[in-house]
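This is what each chain is made of:
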Amino acid sequence: MTVRVGVIGAGMIGRDHVRRLTDVVTGAEVVAVTDLDAARAGEVAATAGARVVPTAADLIGQSDVDAVLVASWGPTHAEHVLAAVAAGKPVFCEKPLATDAEDCLRIVEAEIAAGRRLVQVGFMRRYDSGYRELKKILDAGEIGAPLMVHCAHRNASVPESYHSGMAAQDTAVHEIDVLRWLLDDEIVGVQVLTPRRTRHAHAALRDPQIMLFETASGIRIDLEVFVNCRYGYDIQCEAVGEKGLARLPEPARAAVRTAGVTRTGVPQDWRERFVTAFDVEFQEWVDAVAVGEPPGPSAWDGYAATVITDATVEALESGRIVSVGMKDRPAFYAGGAR
Ligand code: NAP
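Residues numbered from 1 in each chain as written. Predicted model: local features only at pLDDT ≥ 70, side-chain atom pairs only at ≥ 80, totals over all residues. Heavy atoms only, no water.

On to the UniProt feature "domain: Gfo/Idh/MocA-like oxidoreductase N-terminal" (unreviewed entry) in the protein chain. UniProt's entry tags residues 3-123 with the feature "domain: Gfo/Idh/MocA-like oxidoreductase N-terminal" (unreviewed entry), counted in the numbering of this structure. Taken end to end, residues 3-123 has its terminal C-alpha atoms 21 Å apart, with 45% of it in helix and 22% in strand. (UniProt positions renumbered as here; feature names shortened; annotations may be inferred. Helix = DSSP H or I, 4+ residues; strand = E, 2+ residues; numbered from the N terminus.)

The following block contains the structure:
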């Protein structure tokens, strides 16, 4: 069966996902696109041989749209996801599920009322081969019980519009999701330290930041977020357990030896670093939608990520250790994947 997808939002990532669904993924076809900017929607729709639909509500209601991709601006996500769930259609929502925890809970409640998994959130690190290898090692108990995790998330630079809270909301949110999944544990507390500020950050930006998370079982995670590191896009993760450690592999690159040095390139941005993860993420989503419920990051994971990022922003602003006030996970989402 070909999954016919309607796409809401034809901006930077919406356009890339339309290309992915059209040229890379098998078993999918983009049939409709909508964007606030109709000309942009038309341009992107043309690349897939799809039609333009005036609004998101119209798109969700189209009889030939089997599944919906939400790639619009974050504050619009909740409305679109709720409409897709109300229509009984599977919906892939780019992160965040919603910018507000209450809206995330409304989605969770709507999905439970629908009685089946319809929502998947775009946390693509779970589809990266390196993180999957780490998860296998941790799940097999090869390093014993994990005790500490050391992480870094570095970007070469960010635009002027990037503010201090985005270090949690847009950057660390990926570690927050992937660490909950890797460790099969919940983050319960957070503190944010602010070292000396880099002179390469704009005046109002706290950069770098060190985020210290504690999980329910007592694992300590330190995450360096440094978004003006200048040299490239660099993701590091090392889990230390009772009898060993496991480290996220570096992306495969040729080592060049010349003029007395060995050098290996560093990816320059997240698209390059995670391009294959995005491809796998969409292939698995399409395959699952064709036959049943998507097994990827759930509405509950989207809720958890929003609550934890809110607590991280509060910790940054207050300078205090903040407890993460999350509701109990409903039985509907039991078993991790849900
Ligand atoms: P973007 O370039 O600003 O694109 C968003 C597009 O959605 C714009 O064309 C916008 O139109 C349109 N839009 C906004 N509200 C809409 C609505 N109600 N109906 C239809 N179209 C609407 O943003 P982006 O960088 O692609 O990011 C989109 C989402 O993807 C964000 O939530 C972002 O966090 C997420 N994202 C995830 C990753 C990842 O690593 N997984 C990476 C990048 C982005 P206007 O410009 O006219 O408002």
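On to the domain arrangement of the protein chain. Parsing the protein chain into structural domains produces domain 1 (3-125 + 276-298) and domain 2 (128-268 + 303-323). Computed from C-alpha atoms alone, the centre-to-centre distance between domain 1 and domain 2 is 27 Å. Contacts between the two partners involve 15 residues from domain 1 and, on the opposite side, 18 residues from domain 2. Buried area between domain 1 and domain 2, both sides added, is near 1,300 Å², and the carbon and sulfur share of it is 58%. In this assembly, domain 1 and domain 2 are joined by three salt bridges. Between Glu175 and Arg125 there is a salt bridge whose closest N-O contact spans 2.9 Å. There are six residue pairs in polar contact (both at pLDDT 80 or more) connecting domain 1 and domain 2. The element that contributes the greatest number of residues to the side of domain 1 that touches domain 2 is helix α5 (residues 101-114), accounting for four residues. (Domains from an automatic or database assignment. Contact = heavy atoms within 4.5 Å. Buried area = accessible area lost by both parts, 1.4 Å probe. Salt bridge = Lys/Arg side-chain N within 4 Å of Asp/Glu carboxyl O. Polar contact = N/O pair within 3.5 Å; in protein donor to acceptor, adjacent residues only side chain to side chain.)

For sheets, the rule is that strands pair by backbone hydrogen bonds, running either parallel or antiparallel. The strand order across the open sheet formed by seven strands is β12-β11-β7-β10-β9-β8-β15, and the pairing between neighbours is mixed. Since the sheet does not close on itself, it has two edges, and those belong to β12 (244-247) and β15 (322-323), each with one partner. Of the strands in this sheet, β8 (187-193), β9 (209-215) and β15 are in contact with helix α9 (residues 299-318), which crosses β8 at around 35°. (Pairing = 2+ DSSP bridges. Axes fitted to C-alpha atoms, helices over the stretch in contact; angles between N-to-C directions.)

Our next topic: the packing of aromatic side chains. Across all of its chains, the model carries eight aromatic pairs by this definition. For the pair Trp270 and Phe278, a centre-to-centre distance of 6.1 Å together with 65° between the ring planes defines the contact as edge-to-face. Judged by its relative accessible area of 22%, Trp270 falls in the partly exposed class. For Phe278, a relative accessible area of 4% gives the class buried. Relative to Tyr303, the ring of Trp300 has its centre 4.7 Å away and its plane inclined at 45°; by these criteria the two rings are tilted. Here Trp300 pairs with Tyr303, and both are found in helix α9, just three residues apart, close to one helical turn. The pair formed by Trp300 and Tyr303 is uniform in burial state, with each residue classed as buried. Through a chain of ring-to-ring contacts, the aromatic side chains of Trp300, Tyr303, Phe332 and Tyr333 assemble into a single cluster. For Lys135, the ring lying beneath its charged end belongs to Trp181, and the centroid distance is 5.4 Å. (Phe/Tyr/Trp six-rings, centres within 6.5 Å; stacked < 30°, edge-to-face > 60°. Buried < 20%, exposed > 50% of the residue type's maximum accessible area, 1.4 Å probe, protein only. Lys NZ or Arg CZ within 6 Å of the ring centre and 35° of its normal.)

Turning our eyes to something else, we now look at the UniProt feature "domain: Gfo/Idh/MocA-like oxidoreductase C-terminal" (unreviewed entry) in the protein chain. The positions UniProt marks with the feature "domain: Gfo/Idh/MocA-like oxidoreductase C-terminal" (unreviewed entry) are residues 135-323. As a span, residues 135-323 carries 34% helix and 28% strand, and end to end its C-alpha atoms are 26 Å apart.

Bringing the side chain of Gln209 into the picture now. Along the chain, Gln209 falls in strand β9. Assessed through its relative accessible area of 2%, Gln209 is described here as buried. Side-chain polar atoms of Gln209 contact the backbone oxygen of Ser164, separated by 3.2 Å. Those residues in contact with Gln209, other than ones at most four positions away along the chain, are Ser164, Ala167, Val192, Leu193, Pro195, Leu223, Glu224, Val225 and Leu316.

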